[in-house]
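# Descriptive structure summary
Chain by chain, the residues:
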Amino acid sequence: MIFYLVRHGQTDWNKEERLQGQADIPMNEFGISQMNELADKMAATGFKADRIISSPLCRARDSAGIISEKIGFSGDIVIDPDFTERNFGKLEGVIWYPGLDADNPEYGAEKVMELCDRAKRALSKYSFGADEKVMIVAHGAILTAVKLVLSEGMLEYHDSDVPIIQGNVLCCERTEGKEPNYYQMF
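About the cut-offs
Residues numbered from 1 in each chain as written. Predicted model: local features only at pLDDT ≥ 70, side-chain atom pairs only at ≥ 80, totals over all residues. Heavy atoms only, no water. Salt bridge = Lys/Arg side-chain N within 4 Å of Asp/Glu carboxyl O. Buried < 20%, exposed > 50% of the residue type's maximum accessible area, 1.4 Å probe, protein only. Pairing = 2+ DSSP bridges. Helix = DSSP H or I, 4+ residues; strand = E, 2+ residues; numbered from the N terminus. Contact = heavy atoms within 4.5 Å. Axes fitted to C-alpha atoms, helices over the stretch in contact; angles between N-to-C directions. Core = buried A, V, L, I, M, F, W, Y, C linked by side-chain atoms within 4.5 Å.

### Topic: the pattern of salt bridges
Across all of its chains, the model carries 10 salt bridges by this definition. A salt bridge links Glu16 to Arg18; its shortest N-O distance comes to 2.7 Å. For Glu16, a relative accessible area of 38% translates into the label partly exposed. Taking relative accessible area as the criterion, Arg18 reaches 28% and is therefore assigned partly exposed. Each of Asp80, Asp82, Arg121 and Lys125 takes part in salt bridges that share partners, so that together they form one network.

Structure, rendered in structure tokens:
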């Protein structure tokens with residue numbers, strides 16, 4: 001089984017380094033071209049997905065739509081609210097800076113452990129076949145939590161060796177009895 005984790009294309013808030021969280025901010029022109037370029041690369045390789053699951057936020061949903069169309073995906077994109085971005089509470093819209101502690105209770109943000117529990121719940125809702133290719137199009141924080149859950153404890157949440165990069169696809173190959181294998185598609 002292979003999971004393809006795709007972070008939505010750039011938004012103005014990404015460019016400004018603002019925490020978006022669950023604010024429904026659309027992709028900007030660069031983000032749309034980013035997703036078109038990624039989808040073209042995927043299509044050129046003959047990439048096929050058996051299932052595409054997306055966050056309901058427009059930046060992810062639109063990214064999934066662009067990829068779906070270009071790779072010739074004929075199924076329905078599953079929209080799942082459990083793949084919505086982390087709730088950053090009072091920090092949504094705030095410019096990120098080193099040392100910002102989103103886990104400080106004063107901000108009312110979703111805790112990392114809560115986010116990871118949500119990612120686990122989201123994945124456990126589905127039955128995945130051993131040879132299935134599943135694409136999840138969502139957001140940086142929730143995809144990082146999904147990556148952690150798929151690693152079965154081998155990675156930590158803030159592990160920077162296996163990044164979620166806009167404009168690329170993080171692949172997670174899982175084979176029964178073996179450690180998950182992570183790699184960037186491009």
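### Some remarks on the sheet that holds strand S3 (residues 78–79)
Spatially, the six strands line up as an open sheet ordered S3-S2-S4-S1-S5-S6, and their pairing is mixed. At either margin of the open sheet sits one strand with a lone partner, and together these are S3 and strand S6 (181–184). In this sheet, strand S4 (residues 133–138) lies alongside strand S1 (residues 2–7) in parallel orientation, the contact comprising six bridges. Pairing of Tyr4 across the sheet is with Met135, part of S4. Along the sheet, helix H2 (residues 29–44) makes contact with S1, S4 and strand S5 (169–173), crossing S1 at roughly 155°. Sheet contacts for helix H5 (residues 140–150): S1, S4, S5 and S6; angle to S1, the most-contacted strand, approximately 160°.

### So, the environment of Ile32
Examined against the element boundaries, Ile32 turns out to sit in helix H2. Given a relative accessible area of 36%, Ile32 falls into the partly exposed group. Each C-alpha atom, one on Ile32 and one on Ile66, is 8.4 Å from the other, the two residues being 34 residues apart in sequence. Not counting residues up to four positions away in its chain, the partners in contact with Ile32 are Met27 and Ile66.

### Some remarks on the nonpolar core
Core analysis: the biggest nonpolar cluster contains 29 residues, and Phe3, Leu5, Phe83, Leu123, Ile136 and Val146 have the highest contact counts within it. Elements represented by at least two residues in this core include exactly S1, helix H4 (112–124), S4, H5 and S5. Core analysis: the next-biggest nonpolar cluster, separate from the first, contains 21 residues, Ala49, Ile66, Phe73 and Cys171 among them.

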